[in-house]
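Listed below, chain by chain, are the residues.
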Amino acid sequence: MKKLLTILLAALLILGGFTGARTAAAEAPDFKTFGDIWDYESPGYGCEGDQYVRVFVVDDVFYRAEATLTEELFEQVMNVDIFDPEAEQKERALLADLPIEQLYNLSEVLLPQEALDSLAGMTGQELLDLGFVPQGSYGFNEEEKLSWAALDKGPFGYRFEFVEYVTVNEDDPNVAEVIRPLTVKSAVWEGNLSEYALSRDFDINGGPSLEEYEAMFTQPEPVLYAIPEIPLEDSPFKTLADVFAVLKRVTEEEETPSYSSTIAENLYVIAFDKEGAYYRVEANIPQDVTEQLDAIDFFDEARDEKQEALLSPLPVTRVGDLSACMIPQEGLDALVGLTGEELLDLGFEYGMGYSFWDATQVFVNNGLFAYTVYFNEKVPEMDDYDDVLDELFRSMTVQKVECDGLADIASDPFIWAQEP
């Protein structure tokens, strides 16, 4: 998992005191360490992995300084509480002697007002073609005569007013889609930095990606699973109370059954094990019960009990035999000797992590179940396994594979293919 800390000052990345005209300096000042720049106003700084970035302003010119952190220094920086009144002094003490490895003059790519004025009359699509990407802030309301959006380009963000008025009722719309047919009325820079200004993969001539922005609004087609259905008359689960009774059973080893559950669109789904067999149970939730569930305070200590009381009487509408979807032991035994790359080719995916302590173990998923793969090779100790996990996994050979039970996806609401 990536280690990340990014701080941009002010709620909308507005750099309050820096809203006048900007001129790029011909040459960057001769700064050597972060101590040299620490007293200058810093609108944003960030730490991701082994990289530390600090944006600062000198004579109305914006700069970005970069450096590489050791693992020890990274941990020390991350351990500074940002709410500590002395956080700034503590970070300065840690980073003052850190050499600046790369210094960018960001103002070299800040669009002057005359350049922004030249965009009037363009369509939103043309702005997107020029590399502007929605930042997330917007105002679209036909009745209130609002039509504006914040767009980023490179390390800066700009505010665009549009000629046409439209009403957007969604809480989180695809702003790119909204502005495509609109006509630019005016554009200004109000002192905003873009998140790209602190990006790990920063390029002075690069910028945020429209594809990545729009990907947030593209829902992938769900993978459907052919789960054998158990007729309701043959099932031991008639109401959800029957399921909850199973979950309360305690074995001689003082263990309770594992399960995962989901509530979505008036549907309750729960996947669980009962004495070594695995089931998926669904029940429709009436609207009045949905409203009562929504009314339960999230922080109520009795939340689980109240939910169970509302759900227990609901009749079960569908029961699936998940055990039939598990790879049988002979199938797992047949994986011995394969490489990790061959497992990936067979449809295994990385799961909840890995353990290289006593044995080499990687946790993976395949369909509706989770598995532990034991490898023959011993992994040497290193500072960061995440960056090399895929390379390690693909090259190692399987010693054995064990089923760990259901994967979280087993209770996803819309993965069960309807029978023809």
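Just so it is clear, the model here is predicted, and its values are computed rather than measured.

1. Quick word on the state of the cysteines
- Under the definition given, this model contains zero disulfides.
- C325 provides the cysteine sulfur closest to C403, a residue in no disulfide bond, and the two sulfurs are 12 Å apart.

2. Some words on the packing of helix α9 (residues 287-294) against helix α10 (residues 303-311)
- Look at α9 against α10: their axes get within 10 Å of each other, and the N-to-C directions meet at 175°. In terms of their interaxial angle, α9 and α10 are classed as roughly antiparallel. Here α9 contributes V289, Q292 and L293 to the contact with α10, which in turn contributes Q307, L310 and L311.
- Its residues assigned to classes, the contact of α9 with α10 comprises four nonpolar, two polar and no charged.

3. Re the pairing of strand β15 (residues 360-366)
- Within β15, five of the seven residues are buried, which leaves the element mostly enclosed by the surrounding structure.
- The sheet contact formed by strand β14 (residues 349-355) and β15 spans five bridges and is antiparallel. Pairing of Y354 across the sheet is with V362, part of β15.
- A loop of four residues connects β14 with β15, the two strands running antiparallel in sequence.
- Taken together, the seven bridges between β15 and strand β16 (residues 369-375) define a ladder with antiparallel strand orientation. Along β16, the bridge assignment pairs V364 with Y371.

4. What about α9?
- Buried residues of α9: V289, T290 and L293, and no others. Down the axis of α9, the smallest arc covering the buried residues is 105°, so these residues share one side.
- Packing partners of the buried residues in α9 comprise β10 (259-264) and α10.

5. A short note on the nonpolar core
- F140, F160 and F162 are the most contacted members of the largest nonpolar core, which has 36 residues in total.
- When residues of this core are traced back to their parent elements, those giving at least two are β3 (51-58), α5 (124-129), β6 (133-141), β7 (146-153), β8 (156-162), α6 (175-179) and β9 (184-193).
- If near-sequence neighbours (up to four positions away) are discounted, F162 is found in contact with L127, F140, S147, W148, A149, I179, L182, T183, V184 and K185.
- Membership of the second largest hydrophobic core comes to 30 residues, among which are L335, L344, F375 and Y385.

6. Details of the sheet that holds β14
- Taken in spatial order, the four strands of this open sheet run β14-β15-β16-β17, and their pairing is antiparallel. Unpaired on one side and paired on the other, β14 and β17 (398-406) mark the two borders of the sheet. Taking each pair of neighbouring strands and ignoring which way they run, the sheet shows an average axis angle of 25°.

7. Concerning the side chain of T290
- Topologically, T290 is positioned in helix α9.
- T290 sits in the buried class, given a relative accessible area of 15%.
- Looking at T290, its side chain comes within polar contact range of the side chain of N266, at 2.7 Å.
- Residues in contact with T290, not counting those within four places in the same chain, are N266 and I285.

8. A few points about the pattern of salt bridges
- Inspection of every chain in the model, using the stated rule, returns 17 salt bridges.
- Here E66 and R64 are joined by a salt bridge, their closest N and O atoms 2.8 Å apart.
- Given the relative accessible area of 0%, R64 is considered buried.
- Measuring nitrogen to oxygen at the nearest pair gives 3.0 Å for the salt bridge that ties E214 to R180. Of this pair, E214 sits in helix α7 (residues 210-215) while R180 sits in the loop between α6 and β9, and the two are 34 residues apart along the sequence.
- Within the structure, one salt-bridge network assembled from shared partners comprises E177, R180 and E214.

Conventions adopted
Residues numbered from 1 in each chain as written. Predicted model: local features only at pLDDT ≥ 70, side-chain atom pairs only at ≥ 80, totals over all residues. Heavy atoms only, no water. Disulfide = S-S within 2.5 Å. Axes fitted to C-alpha atoms, helices over the stretch in contact; angles between N-to-C directions. Helix = DSSP H or I, 4+ residues; strand = E, 2+ residues; numbered from the N terminus. Parallel < 35°, antiparallel > 145°, perpendicular 65-115°, else oblique. Contact = heavy atoms within 4.5 Å. Nonpolar A, V, L, I, M, F, W, Y, C, P; charged D, E, K, R; others polar. Buried < 20%, exposed > 50% of the residue type's maximum accessible area, 1.4 Å probe, protein only. Pairing = 2+ DSSP bridges. Arc of directions from axis to C-beta. Core = buried A, V, L, I, M, F, W, Y, C linked by side-chain atoms within 4.5 Å. Polar contact = N/O pair within 3.5 Å; in protein donor to acceptor, adjacent residues only side chain to side chain. Salt bridge = Lys/Arg side-chain N within 4 Å of Asp/Glu carboxyl O.

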